[in-house]
Amino acid sequence: MKKIIVPVDFSIHSENALKTAAFLAKKNNTEIIAVHMLELSNAVINQSEMSSQNETIFYLKLAEKRFTEFLKKDYLSDLKVTPIIKHFKVFSELDTLAQEENADLLVIGSKGTSGLEEIFIGSNTEKVIRYANRPVLVVKEEAITSKVEKVVFACDFSNDDVAPYLKAKAFFGKLNCDLQLIYVNTPTAKFKSSLEITAKMQLFFEAANEDVTKAKDVKIIADYSVEDGVLYYANKSNADIIAVATHGRKGISHFFEGSISEDIANHSALPIISFKIQ
């Protein structure tokens, strides 16, 4: 990895993300790009040109001062950290910045959402996952500051999941950690017999140019939903991170179909990393 982008809002959640990025950066000699989103109110924007300009400069200088103080951390002292202040909402244009900087990873802190807030508003984290074309690592209750030993990769073994799986395998291979594939069998229209699951996994590994006997190493979990099955196994196996593939649906298709990866990201206490299905 050459660059990691971390959005910073001065909260404990963004500091957890920053600590995690620092841990990964030290292992890979990586630059951290810390981004603060300075979202100005419509009241400021709609003022006269001179008044608006003066107030914008005031808020910008205030943000720069606070940002500089926030980045004075011991764990960042030996790293290259580039602070950037942008005037946009985190969920809509963060991926554009990642493309401009040719970043390899986005690390974002989150507390998750639930209930009506999740249905009608969603979280900024959820929206970052939906829009980003690069892997997004979502850090929840605690920062990752020590060796990552086990990662659970939730997979339905469709052709769409081949590329995200290979990306995840390469990413975590550099960290020398175990990548455990799991399949959740649910009592729905997508239920598969043992024979069907085995055949599907073998086709998947063939498409990935890997030994089909790897199918025997896949953990098959039975649960009422994919989300419940993934969270159950990840916690039971003491996983450090949950990896998921995401379509990044937007608009009406997302409202009706939802996204399992976003649901897991919202409700898991463990860190989540998403790999986009292209």
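All of the points below concern the structure found in this document. Treat the numbers as computed from the prediction; the structure is a model and nothing was measured.

This next bit is on the overall build of the protein. Check the secondary structure of the protein and you find eleven helices and ten strands. In the protein, which comprises 278 residues, the proportion classed as buried is 51%.

Here we come to the sheet that holds strand β3 (residues 81–86). Taken in spatial order, the ten strands make up an open sheet running β3-β2-β1-β4-β5-β10-β9-β6-β7-β8, and their pairing is mixed. Edge positions in the open sheet fall to β3 and β8 (219–222), since each of these has one partner strand only. Neighbouring strand axes in the sheet, compared pairwise and without regard to direction, differ in orientation by 25° on average. As paired elements, strand β6 (residues 150–154) and strand β7 (residues 178–185) share five bridges and run parallel to each other. Counted as the bridge partner of Lys150 is Asp178 from β7. Contacting β4 (105–109), β6, β7, β9 (241–246) and β10 (272–276), helix α7 (residues 162–173) runs over the sheet at an angle of about 130° to β10. Of the strands in this sheet, β6, β7, β8 and β9 are in contact with helix α9 (residues 226–236), which crosses β7 at around 140°.

The residue Lys150 is located in strand β6 in this model. Leaving out residues up to four positions away in the same chain, Lys150 has contacts with Cys177, Asp178, Gln180, Tyr233, Ser237, Ala239, Asp240 and Ile241.

We now examine the side chain of Asp223. Checked against the element boundaries, Asp223 lands in the loop between β8 and α9. As a buried residue without a salt bridge, Asp223 has its nearest oppositely charged side chain in Lys236, at a separation of 11 Å. Those residues in contact with Asp223, other than ones at most four positions away along the chain, are Val184, Asn185, Thr186, Pro187, Asp228, Gly229 and Tyr232.

Below, the discussion takes up α7. Along its twelve residues, α7 runs 16 Å from first to last C-alpha, staying within 8% of the 16 Å computed at 1.5 Å per residue. Along α7, the positions that sit buried rather than exposed are Val162, Pro164, Tyr165, Ala168, Phe171 and Phe172. Buried positions along α7 lie against β4, β6, β7, α8 (194–207), β9 and β10.

Bringing the environment of Ile197 into the picture now. With respect to the helices and strands, Ile197 occurs in helix α8. Judged by relative accessible area, Ile197 falls into the buried class, the value being 3%. In the structure, Ile197 is positioned 18 residues away from Ala215 in sequence and 9.3 Å away in space, judged by C-alpha atoms. With residues up to four places along the chain from it excluded, the contact list for Ile197 reads Tyr183, Asn185, Lys192 and Ile220.

Evaluated as defined, the whole model comprises eleven aromatic pairs. Considering the side-chain rings of Phe204 and Phe205, the 5.5 Å spacing of their centres and the 80° angle between planes classify their relative orientation as edge-to-face. Here Phe204 and Phe205 have matching classes, each one buried. Residue placement shows Lys73 over the ring face of Phe70; its charged tip is 4.7 Å from the ring centre.

The next thing to look at is α9. Within α9 the residues assigned to the buried category are Glu227, Gly229, Val230, Leu231, Tyr233 and Ala234. Looking one or two places after α9, you find Asn238, whose phi comes out positive at around 60°.

Next up on the list: unusual backbone geometry. The phi angle at Asn29 is positive, at roughly 55°, despite the residue not being glycine. Looking at the secondary structure, you find Asn29 in the loop between α1 (12–28) and β2 (31–37). Residue class for Asn29 comes out exposed when judged on its relative accessible area of 73%. One non-glycine residue with positive phi stands out, namely Asn176, at about 55°. Its location among the elements puts Asn176 in the loop between α7 and β7.

What follows deals with the pattern of salt bridges. Pairs can form between side chains of opposite charge whenever their charged atoms are close. For the coordinates displayed, the defined rule picks out seven salt bridges. Here the salt bridges share partners, and the residues they tie into one network are Lys169, Glu210 and Lys214.

Counting buried positions along β2 yields seven of seven residues, so the element is predominantly enclosed. Burial of the side chains of β2 extends over both faces: Glu31, Ile33, Val35 and Met37 are buried on one face and Ile32, Ala34 and His36 on the other. When strand β1 (residues 3–7) meets β2, the two strands line up parallel, connected through five bridges. Bridge assignment links Ile4 to a residue of β2, and that residue is Ile32. At this point the chain moves from β1, through α1, to the parallel β2, and the crossover so formed is right-handed. Sheet topology places β2 next to β3; six bridges connect them, and they run parallel. When the bridges of β3 are listed, Ile33 appears paired with Thr82.

Definitions and cut-offs
- Residues numbered from 1 in each chain as written.
- Predicted model: local features only at pLDDT ≥ 70, side-chain atom pairs only at ≥ 80, totals over all residues.
- Heavy atoms only, no water.
- Helix = DSSP H or I, 4+ residues; strand = E, 2+ residues; numbered from the N terminus.
- Buried < 20%, exposed > 50% of the residue type's maximum accessible area, 1.4 Å probe, protein only.
- Pairing = 2+ DSSP bridges.
- Axes fitted to C-alpha atoms, helices over the stretch in contact; angles between N-to-C directions.
- Contact = heavy atoms within 4.5 Å.
- Lys, Arg positive; Asp, Glu negative; His and termini not counted.
- Salt bridge = Lys/Arg side-chain N within 4 Å of Asp/Glu carboxyl O.
- Expected span 1.5 Å × (residues − 1).
- Phe/Tyr/Trp six-rings, centres within 6.5 Å; stacked < 30°, edge-to-face > 60°.
- Lys NZ or Arg CZ within 6 Å of the ring centre and 35° of its normal.
- Right-handed = clockwise from strand over helix to strand, strands pointing away.

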